[in-house]
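The primary structure of each chain is shown beneath.
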Amino acid sequence: MGKRDDPGTIGRRVQRLRVERGLTQRQLAEPVYTPAYVSTLESGRVRPSDDALRHLAGRLGVAFDELATGRSARLVTELRLRLTEAQRVFAVGETEAAAEQYTELLVEAETQGLAGEQAAALLGLGECALETGELVAGRQYFERAEACLAGAPLPARVPALRGRAVAHYLAGELRYAVYLLETTLDELNRGGLHDPDALLLLYASAIGPYMDMGAHARAAQAAEFALALAPQSGDPALVARMHRSVARTLVAEGRLAEADASLAKAAELYRGLQIRTELANCHWMRGYVYAQDGQLERAEAELREALGMLSAKRAALYSSQVAVELADVLHRRGESEEAAALLHGVLDDLSPERGAVHSAAAHRLLGIIAEDARRTEDAEEHYVRALSLLERAGAAGDLADLCRLLGDLLRRTGRVEAALDAYRTGLGHRTAPGTTTLGPAPAQPPL
């Protein structure tokens, strides 16, 4: 039951319902209470007990919760049903339609004072904003969801925390994203809050920023933990659909408590569908490891698997990140033309505010491809663009490598002083305090 309204509000509600039903105060009161008690209650001068409200609710033909809070149990259940429908729409990639539904549901949840449903709608809007690249709006939605869930246990707050971290990561704020994810992981693991879905979301979300910061060992460990936790989540789509169907029949039969329980299961499973995006990160990490080991065929297979999981209608920014890695493997396999086409497509989806690190990586690889084709001016232009993007994002390890590439290009074209400046810049980024190290790794989960 939600928080009770004040006595005056309850009294006015009782009076309105009594008049609508054509009952006198005596008819409403008997046989347990007196007309005088009902009169006092309707005037707001007495706070009714639970027993009194149950009696009055029975006589008025409404639910106890509706009389105490003004919220119809059926309306609340139907709101939850529509929330699971919005989650389903988002899960199948219809982001704009899902955002419209979540917006309507947020207004209704706010009107009825339903904090949990407000948070669910805000989380949905945040995920939609991440999908479409509206990172500031997404972060704000997640912050509002956190505020709605301020009194909830940490596992319940993890989707909002993870969403905020991902928004910062995609905006190029790598170190802060890692701080948010690792702090939450540490609190969960050290506090014994071993929620598999929460841990899976956090570990998988940490892979991208770890890789961009050059913390490849930690990224590999996070991928290992995520893949170990994944079987505990399973494949939720079919089961979620079943729970939604069951809930509809239960609502029709007036079995609202059972419908709510079924909807809660469906909502949890639809939330789990975003794990598909996170698991793509794990395939991405595997592909990266194979590529570093020279196993290019296996690397290409893993990266294509990751890209396939991130369909064209969903996760545009994530798809772009994986596409850059795949293009690198294709280039190394001699498929430079396909790699360049993939990279130009990536640059159409990215900007300095949306995926700066991966936009820089695309320019870097296009520069290498141009150098191989002896198009020196094109190569230099791509390197300079990449350098500007990486300086904004603070990706120190990538900056050092890019300065080496630019320095080599300048040296080969006879600009020795400019080459030395590029090398010095790279060394400065490589040795800057705090730029290439992270703090202690978070506590490990019990697998």
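Residues numbered from 1 in each chain as written. Predicted model: local features only at pLDDT ≥ 70, side-chain atom pairs only at ≥ 80, totals over all residues. Heavy atoms only, no water.

Heads up, the rule is: UniProt positions are given in the numbering used here, feature names are shortened, and annotations may be inferred rather than shown by experiment.
In the nomenclature of an unreviewed UniProt entry, the chain corresponds to Tetratricopeptide repeat protein from the organism Streptomyces coeruleorubidus. Database annotation for the chain, UniProt heading Sequence similarities (unreviewed entry): "Belongs to the Rap family." Its UniProt record gives the chain the following Subcellular location (unreviewed entry) comment, quoted word for word: "Cytoplasm".

## Notes on the overall build of the chain
Applicable threshold: Counting from the N terminus, the helices are DSSP H or I runs at least four residues long and the strands are E runs at least two residues long. Here the term buried applies to any residue with accessible area under 20% of the maximum for its type, exposed to any over 50%, and partly exposed to those in between, with areas from a 1.4 Å probe on protein chains only. Here, residues are in contact when the closest pair of their heavy atoms is within 4.5 Å. Computed with the Shrake-Rupley method and a 1.4 Å probe, the accessible areas treat only the protein chains shown as cover for residues.
The number of helices and strands found in the chain is 23 helices and zero strands. Classification of the 447 residues of the chain by burial places 50% in the buried group. Long-range pairs, those at least 24 residues apart, make up 62% of the contacts in the chain with a sequence separation of at least 6. Here the chain displays about 20,300 Å² of accessible surface, and carbon together with sulfur accounts for 51% of that area.

## Comments concerning unusual backbone geometry
Residues glutamate 30 and proline 31 are joined by a peptide bond in cis, for which omega reads 0°. Of note, proline 31 is situated in the loop between helix H2 (25–29) and helix H3 (35–42).

## Focus: the environment of glycine 345
Examined against the element boundaries, glycine 345 turns out to sit in helix H19 (residues 336–349). Using a relative accessible area of 31% as the deciding quantity, one classes glycine 345 as partly exposed. For the pair glycine 345 and serine 320, spaced 25 residues apart in the sequence, the C-alpha separation amounts to 8.3 Å.

## Brief notes about the pattern of salt bridges
Where we set the bar: The salt bridge definition used is simple: a Lys or Arg side-chain nitrogen within 4 Å of an Asp or Glu carboxyl oxygen.
Applying the stated criterion to the full structure yields 25 salt bridges. Aspartate 328 is paired through a salt bridge with arginine 332; the nearest N and O atoms lie 3.7 Å apart. With a gap of four residues between them, aspartate 328 and arginine 332 both fall in helix H18 (residues 316–332), about one helical turn apart. Arginine 412 is paired through a salt bridge with glutamate 371; the nearest N and O atoms lie 2.1 Å apart. One end of the pair, arginine 412, is in helix H22 (residues 396–412); the other, glutamate 371, is in helix H20 (residues 356–372), with 41 residues separating them in the sequence. Salt bridges here are not isolated pairs; linked through shared partners, they connect Glu300, Arg304, Arg333 and Glu338.

## Regarding the packing of helix H8 (residues 115–132) against helix H10 (residues 154–170)
The line we're drawing: Interaxial angles span 0 to 180 degrees and are taken between N-to-C directions of axes, which are lines fitted to C-alpha atoms, for helices over the stretch in contact. What sets the label is the angle itself: under 35 degrees gives roughly parallel, over 145 gives roughly antiparallel, 65 to 115 gives roughly perpendicular, and the rest give oblique. Here a crossing is taken to be left-handed if its near helix is turned anticlockwise relative to the far helix by less than a right angle, and right-handed if that turn runs clockwise. Under the scheme applied, nonpolar residues are Ala, Val, Leu, Ile, Met, Phe, Trp, Tyr, Cys and Pro; charged residues are Asp, Glu, Lys and Arg; polar residues are all the others, including Gly.
It is the contact of H8 with H10, at a shortest axis distance of 10 Å, that shows an interaxial angle of 20°. For the element pair H8 / H10, the angle class is roughly parallel. H10 is crossed by H8, and the crossing has left-handed handedness. Together, Leu123, Glu127 and Leu130 of H8 and Pro159, Ala160, Arg162, Gly163, Val166, Ala167 and Leu170 of H10 make up the contact between the two elements. Class assignment of the residues belonging to the contact of H8 with H10 gives a composition of seven nonpolar, one polar and two charged.

## Observations regarding the side chain of glutamate 302
Secondary-structure assignment places glutamate 302 in helix H17 (residues 296–309). Contacts of glutamate 302, omitting those with residues within four sequence positions, involve His283, Arg286, Gly287 and Tyr290.

## A few points about the nonpolar core
Stated precisely, the cut-off is as follows: Remark: nonpolar core denotes a set of buried residues (Ala, Val, Leu, Ile, Met, Phe, Trp, Tyr, Cys) joined through side-chain atoms within 4.5 Å.
Counting residues in hydrophobic clusters, the biggest one holds 103 residues, and the most contacted among them are Tyr102, Tyr203, Leu343 and Tyr383. Residue contributions to this core peak at ten residues, all from helix H12 (residues 196–212). Formed by 15 residues, the second largest nonpolar core is a distinct cluster that contains Ile10, Leu17, Leu28 and Ala57.

## Topic: helix H1 (residues 7–20)
Since one α-helical turn is 3.6 residues long, residues separated by three or four positions face the same way. Short version of the rule: What a helix is expected to span follows from its residue count: subtract one and scale by 1.5 Å. N or O atoms within 3.5 Å of each other form a polar contact, as long as, within protein, one can give a hydrogen and the other can take it, and as long as residues adjacent in sequence are counted only when both atoms are side-chain atoms.
Between its terminal C-alpha atoms H1 stretches 20 Å, which fits the 20 Å expected from 14 residues at 1.5 Å a residue. Looking only at H1, the buried set comprises Gly8, Ile10, Gly11, Arg13, Val14, Leu17 and Arg18. As for H1, its buried residues are in contact with H2, H3, helix H4 (50–60) and helix H5 (64–69). If you check the start of H1, you find a side-chain oxygen 3.1 Å away from the backbone N of glycine 8, and it comes from aspartate 6.

## Describing the confidence of the model for the chain
We count it as follows: The predictor reports its confidence for every residue as pLDDT, a score running from 0 up to 100.
Scored by pLDDT, the chain comes out at a mean of 80, with 79% of its residues at no less than 70. When mean pLDDT is compared element by element in the chain, helix H9 (residues 135–148) scores highest at 94, while helix H14 (residues 237–252) scores lowest at 53. A low-confidence stretch, residues 431–437 (pLDDT under 50), is modelled with eight contacts involving residues beyond four sequence positions or located in other chains.

## Re the side chain of arginine 13
Secondary-structure assignment places arginine 13 in helix H1. Here arginine 13 is in contact with Asp5, Glu66, Leu67, Ala68, Thr69 and Gly70, once residues within four sequence places are set aside.

## Describing the environment of proline 442
In this structure, proline 442 sits in the segment after helix H23 (416–431). With 260 residues separating them in the primary sequence, proline 442 and glutamate 182 have C-alpha atoms 5.8 Å apart. With near-sequence residues (within four places) excluded, proline 442 lies in contact with Glu182, Leu185, Asp186 and Tyr210.

## A short note on the packing of aromatic side chains
Quick reminder of the rule: A pair of Phe, Tyr and Trp rings is counted when the ring centres sit within 6.5 Å of each other, with Trp represented by its six-membered ring. The angle between the planes then sorts it: under 30 degrees is stacked, over 60 is edge-to-face, the rest tilted. For a ring to carry a charge above it, either NZ of a lysine or CZ of an arginine must fall within 6 Å of the ring centroid while also lying within 35 degrees of the normal to the ring plane.
Following the criterion strictly, the structure yields three aromatic pairs and no others. A centroid spacing of 5.1 Å and a plane angle of 20° characterise the contact between tyrosine 33 and tyrosine 37, whose relative ring orientation is stacked. A centroid spacing of 5.1 Å and a plane angle of 65° characterise the contact between tyrosine 203 and phenylalanine 225, whose relative ring orientation is edge-to-face. One end of the pair, tyrosine 203, is in helix H12; the other, phenylalanine 225, is in helix H13 (residues 216–229), and 22 residues separate them in sequence. Like phenylalanine 225, tyrosine 203 is buried. Lying across the ring of phenylalanine 64, arginine 54 places its NZ or CZ 4.8 Å from the centre.

## A look at the environment of leucine 130
Residue position: leucine 130 is located in helix H8. By relative accessible area, which is 2% here, leucine 130 ends up buried. Along the sequence, leucine 130 and alanine 167 sit 37 residues apart, while their C-alpha atoms lie 6.8 Å from each other.

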